[in-house]
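# Per-entry structural report
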Amino acid sequence: MNTHLIPRFRTNARIRSAADAAVTLLYPRRCPVCDEPVKPWNALICEECASKFAYIEPPYCLKCGKHIGDGSKEYCDDCAAHPHLFDSGRALFSYRSVSSSIARFKYRGRREYAACYAACMAERLGGFIRSCRAEALVPVPLHKSRFRKRGYNQAQVLAEELSALTGIPVRTDLIERAEKTAPMKDLSAAERQNNLKKAFKICRNDVKLSIIIIDDIYTTGSTIDAMSRELKKAGVERIYFVTLAIGRGI
């Protein structure tokens, strides 16, 4: 993020109420990079930290949005070897540059980071998001037991912040996590696919045209594919995704 963009991401630019501003003064929001109270106080990220996130730059894989070094290729090696069920997607950051930040967002209660993440998404991925003409943002659901333990779904928190900036409604009632699956981070691509069999269940089928799935990390696409399979069975025509970060894949 360039430092000249910082004023556009100040919290008062998001039409904060006087009460919200007072809460921010009493309980300063944390910077998603250094995790210290943000300087200046009404920003979403410290000015000196703004350049430390590494964005995914073109050329992109036409399927998953991963950076590909060879501009003559249309797809990354992952997508060329493993066809996906979703239409296409984009990620904001290189995983290595935000892994610590996402871990705090996901496991240490730093829900406030979502405001900065969403502002970056709207700035950098706004064109892609608009081109999807989505009826809904659909966060990847957590199993009820994991939700109770964590207290929130980080994908839903991110989706709600992005919804406030784009006007696209969040739908958490379309699909649920029916099976408690093993953590994905230590599994191979094949293990991820097996892990997600029957993981999701459709709850409603009143969205038929286009949705954007929201998640924190894209690695092999197994989670997005598993959701896409069920959503397409329910009649959704076009399925896209937007994630905070994208990893190495297979």
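So, here's what we can say about the structure.

### Description of the packing of helix H3 (residues 95–107) against helix H4 (residues 113–124)
A pair of packed helices can be characterised by two numbers: the angle between their axes and the separation between those axes. Packing of H3 against H4 leaves a shortest axis separation of 10 Å and a crossing angle of 130°. Put simply, H3 runs oblique to H4. Contacts between H3 and H4 involve Ser101, Ile102, Arg104 and Phe105 from the former and Tyr113, Ala114 and Tyr117 from the latter. When grouped by side-chain class, the residues that make up the contact of H3 with H4 number 5 nonpolar, 1 polar and 1 charged.

### Topic: the packing of aromatic side chains
The geometry of an aromatic ring pair comes down to the distance between the two centres and the angle between the two planes. Enumeration over the complete set of coordinates arrives at 8 aromatic pairs. When the centroid spacing of 5.2 Å and the interplanar angle of 80° are considered together, the rings of Phe105 and Tyr117 count as edge-to-face. With Phe105 in helix H3 and Tyr117 in helix H4, this pair connects stretches of sequence that are 12 residues apart. Overall, the relative accessible area of 0% leaves Phe105 in the buried class.

### Overview of the sheet that holds strand E6 (residues 238–246)
One open sheet holds the 4 strands; their spatial order is E1-E6-E5-E2, and the pairing between them is parallel. Both edges of this open sheet fall to strand E1 (88–94) and strand E2 (136–139), since each of them pairs with a single strand only. With strand direction ignored, the average angle separating the axes of adjacent strands in the sheet is 20°. Note: E2 against strand E5 (residues 210–218), 4 bridges, orientation parallel. The residue of E5 that forms the bridge with Leu137 is Ile212. Where H3 meets the sheet, its contacts fall on E1, E5 and E6, and the angle it forms with E1 comes to roughly 90°.

Analysis parameters
- Each chain carries its own residue numbering, running from 1 in the direction its sequence is written.
- In keeping with the predicted nature of the model, local features appear solely for residues at pLDDT of at least 70, side-chain atom pairs appear and are counted solely at 80 or more, and the whole-chain, interface and lining totals rest on all residues.
- Just so you know, side-chain values use all the structure's heavy atoms and leave hydrogens and water out.
- Convention adopted: a line fitted to C-alpha atoms gives each axis, helices being fitted over their contacting stretch, and angles between N-to-C directions are expressed from 0 to 180 degrees.
- We count a stretch as a helix when DSSP gives it H or I for four or more residues in a row; a strand needs E for two or more, and each element gets its number in order from the N terminus.
- Here roughly perpendicular refers to angles of 65 to 115 degrees, roughly parallel to angles under 35, roughly antiparallel to angles over 145, and oblique to all remaining angles.
- In this analysis, two residues are considered to be in contact whenever any of their non-hydrogen atoms come within 4.5 Å of each other.
- Asp, Glu, Lys and Arg are counted as charged, while Ala, Val, Leu, Ile, Met, Phe, Trp, Tyr, Cys and Pro are counted as nonpolar; the rest, among them Gly, fall into the polar class.
- Any two of the Phe, Tyr and Trp rings considered here, Trp counted by its six-membered ring, make a pair once their centres fall within 6.5 Å; the pair's planes then place it as stacked at under 30 degrees, edge-to-face at over 60, or tilted in between.
- Accessible area is worked out with a 1.4 Å probe on protein chains only. A residue is then buried under 20% of its type maximum, exposed over 50%, and partly exposed in between.
- Should DSSP find at least two bridges between two strands, the strands are regarded as paired.

Structural measurements only, silent on function.
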